[in-house]
Amino acid sequence: MTIVPLSALHDNYIWAMQAGQACVVVDPGEAAPVNDYLAAQSLQLTAILLTHRHHDHIGGVDALCRRHAVPVIGPRSSQMPQVTQVVEDGERFACAGIEGEFEVLAIPGHTEEHIAFRYGSALFCGDTLFGAGCGRLMGGTPAQFHASLQHIAQLPPDTLLYCAHEYTLANLRFAREIEPGNPAIEKRQARCAALRAQGLPTVPLSLAEELETNPFLRTRQPAVSARLAAQYARPIAGGEAAFTALRQWKDQF
Ligand code: ZN
Ligand code: FE
């Protein structure tokens, strides 16, 4: 089993998961990178998985379906007519040619219908969690988003997160603003800057490292509370209130 990022659009990753000749893709915002990869590796597409309704995640689906007769598995949404197999929270399903099952996690927040797919220690988390950051609120509520991040935070720490954008370095600049005294952030910044200088991705993400460096998963850390209280000139409770304050701050950062 190998999982490979295919670069698409400006900074999107389409994840291609392959076993033998079978290939499943997650969030194909464009068809061409997928078709090129399938041809180069002599693979057969067996399913398309979608995390949410945004165009940069589903834009390539129609073109792919004209060429490959495959199920399109995703959440229930009036804005995702491409989905042929609607899946719900907790549901398990299999994809042709891939051993084992995927499990669906509802993680609303970035959008109201957003889901993630868990396969073994891999979590395809779309635009919910990014390297050292998280997606914007574009349909869900702050309470939902915070709960979804908490859900991810409670997965086994060896979980690898396959997110859909390369935002890690920009997010680390914000993380450092929030926790200037956190050496794990500084270390990660140096490592990720070296990767990007070589044109390499900073993904997948290690959940253990996110827990140490991602402010949106660190809303109960005293250093984060203190920084927020100073910025907003009032005490801000940990948890959801801190998440909301961090998200607002980051939106303008
Ligand atoms: Zn999105
Ligand atoms: Fe996106």
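Residues numbered from 1 in each chain as written. Chains lettered and ligands numbered in written order. Predicted model: local features only at pLDDT ≥ 70, side-chain atom pairs only at ≥ 80, totals over all residues. Heavy atoms only, no water.

Colleague: Sorry, what's going on with the packing of aromatic side chains here?
Modeller: The description of an aromatic ring pair rests on the distance of the ring centres and on the angle between the ring planes. Using the criterion set out here, one finds 13 aromatic pairs in the structure. Taken together, a centroid distance of 6.3 Å and an interplanar angle of 25° make the contact between Phe174 and Phe216 stacked. Note that Phe174 is positioned in helix H5 (residues 168-178) and Phe216 in the loop between helix H7 (207-213) and helix H8 (222-232), a separation of 42 residues in sequence. Considered together, Phe174 and Phe216 belong to a single accessibility category, that of buried residues. A centroid spacing of 6.5 Å and a plane angle of 85° characterise the contact between Tyr232 and Trp249, whose relative ring orientation is edge-to-face. Here Tyr232 is found in helix H8, whereas its partner Trp249 is found in helix H9 (residues 240-252), with 17 residues between them in sequence. Judged by its relative accessible area of 24%, Tyr232 falls in the partly exposed class. Residue Trp249 is classed as buried on the basis of its relative accessible area, which comes to 7%. Through pairs of rings, three or more aromatic residues link up here, namely Phe145, Phe174, Phe216, Tyr232, Phe243, Trp249 and Phe253. (Phe/Tyr/Trp six-rings, centres within 6.5 Å; stacked < 30°, edge-to-face > 60°. Helix = DSSP H or I, 4+ residues; strand = E, 2+ residues; numbered from the N terminus. Buried < 20%, exposed > 50% of the residue type's maximum accessible area, 1.4 Å probe, protein only.)

Colleague: Whenever I open this one, the coordination of the iron ion (ligand 2) confuses me. Can you help?
Modeller: Reference values for coordination geometry: four tetrahedral donors around a metal ideally subtend 109.5 degrees, six octahedral donors ideally subtend 90 or 180 degrees. Every protein donor of the iron ion (ligand 2) is listed here as Asp56 (OD), His57 (NE2), Asp127 (OD) and His165 (NE2), and their distances to the metal cover 2.1 to 2.3 Å. Motif for the iron ion (ligand 2), donor spacing along one chain: D-H-x69-D-x37-H. Between the iron ion (ligand 2) and the zinc ion (ligand 1), both coordinated by Asp127, there is a metal-metal distance of 3.2 Å. Taken individually, Asp56 and His57 each receive the classification buried, so the pair is uniform in this respect. (Donors = N, O, S within 2.8 Å, 3.2 Å for Na, K, Ca; no water.)

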